[in-house]
Amino acid sequence: MNNQTNSTSSQMTPPLYPAKTKAQVTLIFFIVIGFYLFSMVWTQRQMVGGFTDALGNMGVVINKFFPPNLSVIPAVWDPMAQTIQMAIIATTVAAILTVPLALLSAQNIATFKPIYITTRTFLNILRTIPDLVLAVVFVGLFGIGLFPGIIALIIFSLGILAKLISETIESVDMNPLEAMRASGGNVFQVIYYGLVPQVLPQFASFVLYVFEINIRASVVLGLVGAGGIGLVLDQQLGFYNYPNVMAIIILIFIVVLIIEYISNKLREALI
């Protein structure tokens, strides 16, 4: 009797997903796989020598770059320090500017729709412009140096930070904020005492994350004349000093690893 009841209940239990949903997911899966396969074949056709020649050229590249000329490292400490300074200044300025923009682009805080839509649109436009394009534009405006790189990184960081923080603000618990409003708190009191304690740990974590991104981005921006270690790297590549280039790459790699380690420890302490 029990077996009969169990079999009857199992037959009556509806499937987890309808047959139509399963068919749609299966179709999408095979379309994505087909797209990847087509992309791989097409990419292989576009390569001049294919993967075979690429593997053969790897030995030539290794012979050019190794052994690295580590004696050049003391001479590039100043450009490396400038790169870190660029990232620190850009991240700090972007973090300050992010506060009002994130508040105005959070739907639960900016209840006036025109302001919310305008701010969101502005931030979306900022995120569509690559940092390298920004650096090229500002190098053309201000000339070669650190300043155009800092401006480019500020705009690049602002787009990322404002989006992350605004989404964090939209996910906070609104009950404390509503209680403060009901008890007569003004806008600034509600934000400072109700919103900031909930958002501050994530805000600090995102700022550190963007700082890590800016360290890497500042190296790339130097290749278009925005100063720092990237500018020195571009010069050495232009002179075909590949051992010097390899030494600079090793230095960048070590510095980035150290900064990531410190940043991860700080994030663990904050969250």
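Residues numbered from 1 in each chain as written. Predicted model: local features only at pLDDT ≥ 70, side-chain atom pairs only at ≥ 80, totals over all residues. Heavy atoms only, no water.

Where we set the bar: UniProt positions are given in the numbering used here, feature names are shortened, and annotations may be inferred rather than shown by experiment.
Named according to an unreviewed UniProt entry, the protein is Phosphonate transport system permease protein originating from Virgibacillus subterraneus. What UniProt records for the protein under Subcellular location (unreviewed entry) is the sentence "Cell membrane".

As for the nonpolar core
Rules: Among the buried residues, those of types Ala, Val, Leu, Ile, Met, Phe, Trp, Tyr and Cys that are joined through side-chain atoms within 4.5 Å form a nonpolar core. Accessibility here uses a 1.4 Å probe with only protein chains present; expressed as a share of the type maximum, an area under 20% marks a residue as buried, one over 50% as exposed, and anything in between as partly exposed. Numbered from the N terminus, helices here are DSSP runs of H or I no shorter than four residues, and strands are runs of E no shorter than two. Only heavy atoms matter for contacts: two residues are in contact if any of them lie within 4.5 Å across the pair.
Val76, Met80, Ile215, Ile229, Ile248, Leu251 and Ile252 are the most contacted members of the largest nonpolar core, which has 22 residues in total. Ranked by the residues each element gives to this core, the list is headed by helix H11 (residues 242-270), at 10 residues. Among all residues touching Met80, those that are not within four sequence positions of it are Ile229, Leu251, Ile252 and Val255.

Description of the packing of helix H5 (residues 113-128) against helix H7 (residues 146-170)
We apply this condition: Here, axes are lines fitted to C-alpha atoms. For helices the fit covers the stretch in contact, and angles between N-to-C directions go from 0 to 180 degrees. Comment on the angle field: the value is read as roughly parallel under 35 degrees, roughly antiparallel over 145, roughly perpendicular from 65 to 115, and oblique elsewhere. The crossing is said to be left-handed when, going from far helix to near helix, the turn is anticlockwise and less than a right angle, and right-handed when the turn is clockwise.
Two elements in contact, H5 and H7, have axes separated by 8 Å at closest approach and are oriented at 135°. Classified by the angle between their axes, H5 and H7 sit oblique to one another. In the packing of H5 onto H7, the handedness of the crossing is left-handed. Judged by residue contacts, Tyr116, Arg120, Leu123, Leu126 and Arg127 of H5 engage Ile155, Leu158, Gly159, Ile160, Ala162, Lys163, Ser166 and Glu170 from H7.

So, the side chain of Ser166
In plain terms, the rule: We call two N or O atoms a polar contact when they sit within 3.5 Å, provided that within protein one can donate a hydrogen and the other can accept it, with sequence-adjacent residues counted only if both atoms are side-chain atoms.
Within the secondary structure layout, Ser166 lies in helix H7. Among the polar contacts made by the side chain of Ser166, one reaches the main-chain carbonyl oxygen of Ala162 at a distance of 2.9 Å.

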